[in-house]
Amino acid sequence: MRRKRFFSGVGKSEAEIEFALNAGVKCFNMESIPEIDRIQKVAERLGKTAPVSLRVNPDVDAKTHPYISTGLKANKFGIAYADALEAYRHAAQQPNLKIVGIDCHIGSQLTDLSPLVEACERILILVDALAAEGIVLEHLDLGGGVGIVYQDENVPDLGAYARAVQKLIGTRRLKLILEPGRSLVGNAGSLLTRVEFVKHGEEKNFVMVDAAMNDLMRPALYDAYHHIEAVEPKNIPPLTANIVGPICETGDFLGKDRTIACEEGDLLLIRSAGAYGASMASNYNARNRAAEVLVDGGGYRLIRRRETLEQQMANELACL
Ligand SMILES: Cc1ncc(COP(=O)(O)O)c(C=O)c1O
């Protein structure tokens, strides 16, 4: 089997490490000394060699929302830049680890290239310092992070990013690994929701819809903007309203102060829900997670069934 998969994550369990080793993982991106020791222990027990890299925290400000910024000293991710060489030396002494690379991921929804390029620069300084000690890396993994348009953002020019990284890597013999998430799928998905009714509150209008924060958590979590439009626009007077779900939280909104022409029964499209949408969905308020439909050219097909209440309850145990 060709090894392709990387295993990232700040707190890998022993069971997960064992599973990944047995599945032939391409590389573990390790994030701490205890994790280095844990992977060594599991690999030794299984009589295997684990291919590893260290996720280094380059301490670069990604200038994105604090909850999706991961490369600062205060963040839980990665090994501190100043500790990286020592951590590599420690990993190099472990008999069941094979050091193959270096990794960083400074955050998500970056709309400016400069932090990504700065992180690459800082990581390459470490690559050279390691080579000088005889620890020669095969790959450089720059993570994901490239932003997309939700509203009116300027998104990084991928060509410019590629050229900048190519120039920095220069003649070093390093395979480049990228981990794009949002920039591949974010704008490929929309959340479809139906208007239950329009409620005129004392101070605000509310378009109550049948989707909620459990289906798309980003607005509640980061105050994120998603464009919302009627699937079949109607010639009725528009109103300015908060577009909200039925969950028992004031934070359960999908859009605030939107001007939209819609009424009971209309379908609305919530754009850019392809990343961190269904994958962050939950059963809060005993809500079934949504079905997923793949639109392919002129056709479409169901790729995930709507969850049922029976499925939600299946793991509950009677306590009597
Ligand atoms: C380690 C790592 N790599 C890649 C990604 C994908 O990031 P993005 O969607 O910003 O491209 C994430 C997202 O959380 C991540 O944690």
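See the structure shown above.
Thresholds, definitions, all that
- Position numbers for residues count from 1 along each chain, tracking the sequence in the order it is written.
- pLDDT decides what is reported in this predicted model: residues at 70 or higher carry local features, side-chain atom pairs at 80 or more are listed and counted, and totals for whole chains, interfaces and linings draw on all residues regardless.
- Side-chain numbers come from the whole structure's heavy atoms, not from hydrogens or water.
- Going along the chain from the N terminus, every DSSP run of H or I of four or more residues is numbered as a helix, and every run of E of two or more is numbered as a strand.
- Partly exposed residues are those whose accessible area sits between 20% and 50% of the maximum for their type, while under 20% is buried and over 50% is exposed, using a 1.4 Å probe and protein chains only.
- Should any heavy atoms of two residues lie within 4.5 Å, those residues are considered in contact.
- Residues are called lining when one of their atoms sits within 4 Å of a cavity or pocket point, these points coming from a 1 Å grid over the protein atoms alone, where a cavity is a set in which a 1.4 Å probe fits but cannot get out and a pocket is an open set with protein on both sides within 12 Å along at least five of seven lines.
- Grid points are joined across faces, edges and corners, and a volume is the space filled by probe spheres set on the points.
- Three classes are used, and their members are as follows: Ala, Val, Leu, Ile, Met, Phe, Trp, Tyr, Cys and Pro are nonpolar, Asp, Glu, Lys and Arg are charged, and the others, Gly among them, are polar.
- We define a polar contact as two N or O atoms separated by no more than 3.5 Å, with the added condition that, inside protein, one atom must be a possible hydrogen donor and the other a possible acceptor, whereas residues neighbouring each other in sequence contribute only through side-chain atom pairs.
- We call a residue near a molecule or strand as soon as one heavy atom of that residue lies within 4 Å of the molecule or strand.
- Using the Shrake-Rupley algorithm and a 1.4 Å probe, accessible areas are obtained, with residue cover drawn only from the displayed protein chains.
- Whenever a helix is involved, its axis is fitted only over the stretch in contact; in every case the axis is a line through C-alpha atoms, and angles between N-to-C directions fall within 0 to 180 degrees.
- Angle categories are assigned with fixed cut-offs, so that under 35 degrees is roughly parallel, over 145 is roughly antiparallel, 65 to 115 is roughly perpendicular, and the rest are oblique.
- The sense of a crossing depends on the near helix, which, turned anticlockwise from the far helix by less than a right angle, makes the crossing left-handed and, turned clockwise, makes it right-handed.
- Here, strands pair whenever DSSP counts at least two bridges between them.

(A) Broad picture of the overall build of the chain. What the chain contains, in helices and strands, is eight helices and 15 strands. C-alpha extents for the chain along the principal axes are approximately 70 × 55 × 40 Å. Going through the 320 residues of the chain one by one, you find that 42% of them count as buried. Within the chain, contacts between residues at least 6 apart in sequence are counted, and of these 69% link residues at least 24 apart.

(B) Molecular detail of the layout of surface pockets. Quantified by volume, the largest pocket comes out at close to 1,200 Å³. Looking at the largest pocket, it is lined by 34 residues, and the ones nearest its centre are Ser190, Leu191, Ala291, Glu292 and Val293. Within the residue set of the lining of the largest pocket, elements represented by two or more residues are β8 (191-200), β13 (267-270), β14 (292-296) and β15 (299-304). Partitioning the lining of the largest pocket into residue classes produces 19 nonpolar, seven polar and eight charged. Roughly 440 Å³ of internal volume is contained in the second largest pocket.

(C) Local environment of the side chain of Glu307. Counting through the fold element by element, Glu307 comes out in the loop between β15 and α8 (309-313). For Glu307, a relative accessible area of 13% corresponds to the buried category. A distance of 2.9 Å separates a polar atom in the side chain of Glu307 from a polar atom in the side chain of Asn283.

(D) Representation of the site of the ligand within the structure. Taken together, the residues surrounding the ligand are Arg55, His105, Ser108, Gly144, Gly145, Glu179, Pro180, Gly181, Arg182 and Tyr276. Contact between the ligand and Glu179: a nitrogen atom at 2.5 Å from a side-chain N or O atom of the residue. In this structure, an oxygen atom belonging to the ligand sits 2.7 Å away from a main-chain N or O atom of Arg182. In isolation the ligand offers 400 Å² of accessible surface; the protein chains occlude 78% of this area.

(E) Region of interest: the packing of helix α1 (residues 14-23) against helix α2 (residues 33-46). α2 packs onto α1 with a crossing angle of 55° between their chain directions and a minimal axis gap of 10 Å. By the angle class used here, α1 and α2 are oblique. The interaxial crossing formed by α1 with α2 has right-handed handedness. Listed contacts from α2 to Glu14, Ile17, Glu18, Leu21 and Asn22 of α1 are Arg38, Ile39, Lys41, Val42, Ala43, Arg45 and Leu46. For the contact of α1 with α2, a count of residues per class yields six nonpolar, one polar and five charged.

(F) Representation of the sheet that holds strand β10 (residues 228-230). Pairing in this open sheet of six strands is mixed, and the strands run β10-β13-β8-β9-β11-β12 from one edge to the other. Only two strands of the sheet have a single partner each, and these edge strands are β10 and β12 (253-260). Shown here is a sheet whose adjacent strand axes are inclined to one another by a mean of 35°, direction ignored.

(G) Summary view of the pairing of β8. Strand direction decides the pairing type here: β8 and β13, joined by four bridges, are antiparallel. By the bridge assignment, Arg194 is partnered in β13 with Leu267. Here β8 runs beside strand β9 (residues 205-209); their pairing, made up of five bridges, is antiparallel. Paired with Val198 across the strands is Val207, a residue of β9.

(H) Just unusual backbone geometry, in detail. Look at Asn285: it is not a glycine, yet its phi comes out positive at around 65°. With respect to the element layout, Asn285 can be found in the loop between β13 and β14. The exposure class of Asn285 is partly exposed, given its relative accessible area of 35%. Positioned with a positive phi, Ala286 is a non-glycine residue whose angle comes to about 55°. Locating Ala286 in the fold gives a position in the loop between β13 and β14.

(I) Region of the structure containing the packing of helix α3 (residues 84-92) against helix α4 (residues 114-132). Running from amino to carboxyl end, α3 crosses α4 at an angle of 45°, the nearest separation of the two axes being 11 Å. In terms of their interaxial angle, α3 and α4 are classed as oblique. As α3 packs across α4, the resulting crossing turns out to be right-handed. Across the interface between the two elements, Ala84, Leu85 and Tyr88 of α3 pack against Leu126, Ala129 and Leu130 of α4.

By themselves these figures say nothing about function.
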